[in-house]
Amino acid sequence: MRGETSARNLKSRHLFSSSRGRSEPLLFQLQPHIVLETLWNTAFSCFLLGHCCLRSDTLLLLPSLKVVASGGMGTDHLDVPFINSLGVKVANTPGVVSDSTADLAMGLLLASARKILEGEIEHSTDPKTVHIPQHLMGVEVTGATLGIIGMGDIGYKIAQRSKGFDMKILSTEDEQAVGASYCENLDDLLRCSDFVMIAVSLTSETSDLIGHRELSLMKPTATLINISRGQVVNQDALVEALQLGIIRAAALDVTHPEPLPRDHPLLELPNVLITPHIGISTYNTARGIVKKMVENALAAVKGLPVPNEVKPH
Ligand SMILES: O=C(O)C(=O)CO
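Residues numbered from 1 in each chain as written. Predicted model: local features only at pLDDT ≥ 70, side-chain atom pairs only at ≥ 80, totals over all residues. Heavy atoms only, no water.

Asker: Help me understand the environment of glutamate 268 in this model?
Answerer: Among the secondary structure elements, glutamate 268 is positioned in the loop between β9 (249-252) and β10 (272-274). On the accessibility criterion, glutamate 268 (60% relative accessible area) is exposed. For the pair glutamate 268 and glutamine 243, spaced 25 residues apart in sequence, the C-alpha to C-alpha distance is 9.9 Å. (Helix = DSSP H or I, 4+ residues; strand = E, 2+ residues; numbered from the N terminus. Buried < 20%, exposed > 50% of the residue type's maximum accessible area, 1.4 Å probe, protein only.)

Asker: I tried to follow the pairing of strand β2 (residues 67-70) on my own but got confused; where do I start?
Answerer: The side chains of a regular strand alternate between the sheet's two faces. The two faces of β2 match: Val67 and Ala69 on one face and Val68 and Ser70 on the other face are all buried. Pairing of β2 with strand β3 (residues 89-91) involves three bridges; the strand directions are parallel. For valine 67, the partnering residue across the bridge sits in β3 and is lysine 89. (Pairing = 2+ DSSP bridges.)

Asker: What is the right way to look at helix α5 (residues 98-114) in this model?
Answerer: Note that an α-helix has 3.6 residues per turn; residues three or four places apart therefore point the same way. With 17 residues, α5 should cover 24 Å at 1.5 Å per step; its first-to-last C-alpha distance of 24 Å lies within 8% of that length. Most of α5 is tucked away, with twelve of its 17 residues classed as buried. Every buried residue of α5 is listed here: Ser98, Ser100, Thr101, Ala102, Leu104, Ala105, Met106, Leu108, Leu109, Ala111, Ser112 and Ala113. (Expected span 1.5 Å × (residues − 1).)

Asker: What exactly am I supposed to notice about the UniProt feature "domain: D-isomer specific 2-hydroxyacid dehydrogenase NAD-binding" (unreviewed entry) in the protein here?
Answerer: Listed under "domain: D-isomer specific 2-hydroxyacid dehydrogenase NAD-binding" (unreviewed entry) in the UniProt record, and renumbered for this structure, are residues 106-279. Taken end to end, residues 106-279 is 30% helix and 15% strand, and its first and last C-alpha atoms sit 11 Å apart. (UniProt positions renumbered as here; feature names shortened; annotations may be inferred.)

Asker: Is there a simple way to explain the sheet that holds strand β4 (residues 145-149) in this structure?
Answerer: Within a sheet, each strand pairs with its neighbour through backbone hydrogen bonds, oriented either parallel or antiparallel. Across the sheet, which stays open at both edges, the seven strands sit in the order β6-β5-β4-β7-β8-β9-β10 with parallel pairing between neighbours. Each edge of the open sheet is held by one strand with a lone partner, namely β6 (181-182) and β10. Where helix α7 (residues 153-163) meets the sheet, its contacts fall on β4, β5 (168-171) and β7 (195-198), and the angle it forms with β4 comes to roughly 170 degrees. (Contact = heavy atoms within 4.5 Å. Axes fitted to C-alpha atoms, helices over the stretch in contact; angles between N-to-C directions.)

Asker: Explanation requested: the state of the cysteines in the structure shown.
Answerer: Simply put, disulfide is the name for a covalent bond between the sulfur atoms of two cysteines. By the definition in use, this model includes zero disulfides. Cysteine 183 carries a free sulfur, and the closest cysteine sulfur to it, the one in cysteine 192, is 5.5 Å from it. (Disulfide = S-S within 2.5 Å.)

Asker: Looking at this structure, I do not really get the side chain of serine 112. What am I missing?
Answerer: With respect to the helices and strands, the residue serine 112 is situated in helix α5. When sequence neighbours within four positions are dropped, the list of residues in contact with serine 112 reads Thr223, Arg248, Ala249, Ala251 and Leu273.

Asker: Can you help me understand the pattern of salt bridges in this one?
Answerer: Where charged atoms of side chains with opposite charge meet at close range, the side chains can pair. By the definition in use, this model includes eleven salt bridges. Here lysine 157 makes a salt bridge to aspartate 99, at a shortest N to O gap of 3.3 Å. Remark: aspartate 99 occurs in helix α5 and lysine 157 occurs in helix α7; sequence separation between them is 58 residues. Overall, the relative accessible area of 35% leaves aspartate 99 in the partly exposed class. Measuring nitrogen to oxygen at the nearest pair gives 3.3 Å for the salt bridge that ties lysine 291 to glutamate 295. Separated by four residues within a single helix, lysine 291 and glutamate 295 lie in helix α11 (residues 283-301), roughly one turn from each other. The class for glutamate 295 is partly exposed, based on a relative accessible area of 36%. Bridged by salt links that share partners, the residues Asp99, Asp103, Lys157 and Arg161 form one connected network. (Salt bridge = Lys/Arg side-chain N within 4 Å of Asp/Glu carboxyl O.)

Given below as structure tokens:
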């Protein structure tokens, strides 16, 4: 049955939508490969992947495939309905990624607000003797207003951390539990925030959520931070907003594509800080991710309910 569906669809179809833009063969990207390869050899009925590409024609080679066990939270790189239509489950690893991603979100916020990178570069290349140099003046984090778009587990953990900085937290979701003030709508959140943090999943509703209009509502002193997916922000609009001073700065752990082409205008701008999608890159989180991936895969192989099965939106 799978063979028939596959033969019709697979030639041109990719199972992933390139959130990371990679195209190397999947198996070479798996980490830690020993655990995963062992499973590959012994079971052959489950298939594990990190946050990377899976070509649909790969499935033709795996007629007894039971599950695509993805590492990380987002599954926007996978065509879940199509994989499901082949009788294959999809799973992710929520929860274990939240702390490290929230930590990085705060790191980006602080680094951008206080020009930490610029200071480091200047110190190592062209040190000045001036104290309180004007060009390294930042904006205050303590007491500032932080609008969080997306109050899932990661958004919630960011809010918890921000409270340590006495920040006022705004959310369009009613999140009293974390002490956030409720904002009627996204426009109000954008207007009132000193820092806007994007922590939503990428879906058809959140793609291009922040464009020209939304950026123009933000304060000229505001900073946009994105730890979700590059596609949530319209990058052309962001380039313009940063060039024209419509917003102060941006700090991005995600772009579209990843990495950006070397001649991309975002890379030319002095007021943008970009890291290469390292939200979940800690040893602890990697261990947690692999543990969950294996749990998900083994459950599927044994015919048990898959703990973190992802259903199509
Ligand atoms: O968990 C994920 O999907 C991430 O990309 C975290 O950065």
